[in-house]
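Examining the three-dimensional arrangement
The primary structure of each chain is shown beneath.
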Amino acid sequence: DAGVIQSPRHEVTEMGQEVTLRCKPISGHNSLFWYRQTMMRGLELLIYFNNNVPIDDSGMPEDRFSAKMPNASFSTLKIQPSEPRDSAVYFCASSLGGAGGNVLTFGAGSRLTVL
Amino acid sequence: AQSVTQLDSQVPVFEEAPVELRCNYSSSVSVYLFWYVQYPNQGLQLLLKYLSGSTLVKGINGFEAEFNKSQTSFHLRKPSVHISDTAEYFCAVPTFSGGYNKLIFGAGTRLAVHP
């Protein structure tokens with residue numbers, strides 16, 4: 001398996017533009033997580049999907065952020081409109097089962113810079 | 001809810017010296033614990049985990065950690081570090097909230113190995 005695949009690896013955009021980050025989880029994994037990593041706040045869980053259904057989106061910062069998982073092999077995280085404070089590295093992770101005793105496999109991340 | 005505290009934000013060490021990265025967790029009836037490593041410009045990957053059984057857990061790249069229930073600690077150790085161990089290390093614990101588990105990460109410890 002190629003692991004968790006994220007695209008793009010780097011995105012530079014201007015304030016107000018729409019940003020879409022993509023994730024392909026490991027085949028057979030039924031849980032998917034989106035995390036955001038910044039120097040100030042560390043790793044924050046944004047949203048958790050189980051069997052393609054959003055279970056908890058309480059970590060999504062505001063209405064400008066939205067996430068979808070239309071099928072078991074694809075998820076998107078969208079920011080519209082983007083702001084400079086959204087600059088961060090966004091990670092997607094997947095696991096077989098939830099985040100109890102199971103191992104999360106992370107993608108390489110998408111580094112977003114909003115000017 | 002569970003939480004983890006990583007006591008050192010940065011640990012500088014010379015090559016071939018021993019190292020200990022400290023992690024304390026909030027107490028609970030039962031606990032799973034994880035250490036993840038993030039190499040520069042990469043996603044996180046599992047270093048080792050404690051679910052039950054032996055309190056000394058061995059992981060990849062010669063790292064080990066000891067679960068100490070009385071001190072609520074899960075410190076990571078390596079007897080002799082290499083330059084290639086330079087990375088950020090995260091302690092993590094699942095917390096049960098809202099009907100499901102989510103993985104909570106510590107703030108991270110940046111290990112810098114110098115020649």
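Here the structure is a predicted model, which is why all the values come from computation and not from measurement.

Thoughts on the pattern of salt bridges
Residue and element names in this part refer to chain A.
- All told, the structure shown has 15 salt bridges over all chains when counted by the stated rule.
- Close ionic contact of Glu83 with Arg64 constitutes a salt bridge, the shortest N to O distance being 3.5 Å. Taken as a pair, Glu83 in the loop between strand 8 (74-79) and strand 9 (88-95) and Arg64 in the loop between strand 6 (53-56) and strand 7 (65-71) lie far apart in primary sequence, 19 residues in all.
- Of the residues examined, Glu83 reaches a relative accessible area of 24% and is grouped as partly exposed.

Quick look at the interface of chain B and chain A
- The interface is formed by 18 residues belonging to chain B together with 20 residues belonging to chain A.
- Surface buried jointly by chain B and chain A totals about 1,600 Å² across both partners, of which 60% is contributed by carbon and sulfur atoms.
- The tally of links from chain B across to chain A stands at 1 salt bridge.
- As a salt-bridge pair, Lys102 of chain B and Asp56 of chain A come within 3.6 Å of each other at their nearest N and O atoms.
- Inspection of the chain B/chain A interface yields 4 residue pairs in polar contact (both at pLDDT 80 or more).
- Residue assignment for the side of chain B that touches chain A shows that the elements contributing at least two residues are strand 5 (33-38), strand 6 (44-50), strand 10 (87-97) and strand 11 (100-105) of chain B.
- If one sorts the elements of the side of chain B that touches chain A by residue count, strand 11 of chain B sits on top with 5 residues.
- Tallied by class, residues from the side of chain B that touches chain A come to 11 nonpolar, 5 polar and 2 charged.

As for the environment of Val93 of chain B
All names here are of chain B.
- Mapping Val93 onto the fold places it in strand 10.
- Taking C-alpha positions, Val93 is 7.5 Å from Val31, a pair spaced 62 residues apart along the chain.
- With residues near it in sequence (within four places) discarded, Val93 still touches Gln2, Ser3, Val4, Val31, Tyr32, Leu33, Lys102, Leu103 and Ile104.

Looking at the state of the cysteines
All names here are of chain A.
- Within this structure, the stated rule accounts for 2 disulfides over all chains.
- Paired by a disulfide, Cys23 and Cys92 hold their sulfur atoms 1.9 Å apart. Given an S-S torsion of about -65 degrees, the disulfide between Cys23 and Cys92 has left-handed geometry. A residue pair is termed long-range when its members are at least 10 positions apart, and Cys23 in strand 3 (residues 19-24) and Cys92 in strand 9 qualify at 69 residues. No difference in accessibility class separates Cys23 from Cys92, as the two residues are buried.

Comments concerning the pairing of strand 5 (residues 42-50) of chain A
Residues and elements named next belong to chain A.
- Of all the 9 residues making up strand 5, 8 are buried; the element is thus mostly covered by neighbouring parts of the structure.
- By the bridge criterion, 8 bridges tie strand 4 (residues 31-38) to strand 5 in an arrangement that is antiparallel. Its bridge partner being in strand 5, Thr38 is matched across the sheet by Gly42.
- Counting the residues that bridge the hairpin from strand 4 to strand 5 gives 3 residues.
- Here strand 5 pairs with strand 6 via 3 bridges, running antiparallel. Within strand 6, the residue paired with Phe49 across the bridge is Pro54.
- The turn linking strand 5 back onto strand 6 is made up of 2 residues, and Asn51 within it adopts a positive phi angle of 50 degrees.

Digging into the side chain of Thr109 of chain B
Residues and elements named next belong to chain B.
- If you trace the backbone, Thr109 turns up in strand 12 (residues 109-114).
- On the basis of relative accessibility, which here comes to 1%, the residue Thr109 falls in the buried class.
- Engagement of the side chain of Thr109 in a polar contact is seen with the side chain of Gln6, the distance being 3.2 Å.
- With near-sequence residues (within four places) excluded, Thr109 lies in contact with Gln6, Asp8, Ser9, Val11, Leu21, Ala87, Glu88 and Tyr89.

Focus: the side chain of His75 of chain B
Residue and element names in this part refer to chain B.
- Along the polypeptide, His75 turns up in strand 9 (residues 73-78).
- The class of His75 is buried, set by a relative accessible area of 13%.
- A distance of 3.0 Å separates a polar side-chain atom of His75 from the backbone nitrogen of Cys23.
- Once you skip the residues sitting within four places of it in the chain, His75 turns out to touch Glu20, Leu21, Arg22, Cys23, Asn24, Trp35, Glu64, Ala65 and Glu66.

So, how was this worked out
Residues numbered from 1 in each chain as written. Chains lettered and ligands numbered in written order. Predicted model: local features only at pLDDT ≥ 70, side-chain atom pairs only at ≥ 80, totals over all residues. Heavy atoms only, no water. Salt bridge = Lys/Arg side-chain N within 4 Å of Asp/Glu carboxyl O. Helix = DSSP H or I, 4+ residues; strand = E, 2+ residues; numbered from the N terminus. Buried < 20%, exposed > 50% of the residue type's maximum accessible area, 1.4 Å probe, protein only. Contact = heavy atoms within 4.5 Å. Buried area = accessible area lost by both parts, 1.4 Å probe. Polar contact = N/O pair within 3.5 Å; in protein donor to acceptor, adjacent residues only side chain to side chain. Nonpolar A, V, L, I, M, F, W, Y, C, P; charged D, E, K, R; others polar. Disulfide = S-S within 2.5 Å. Pairing = 2+ DSSP bridges.

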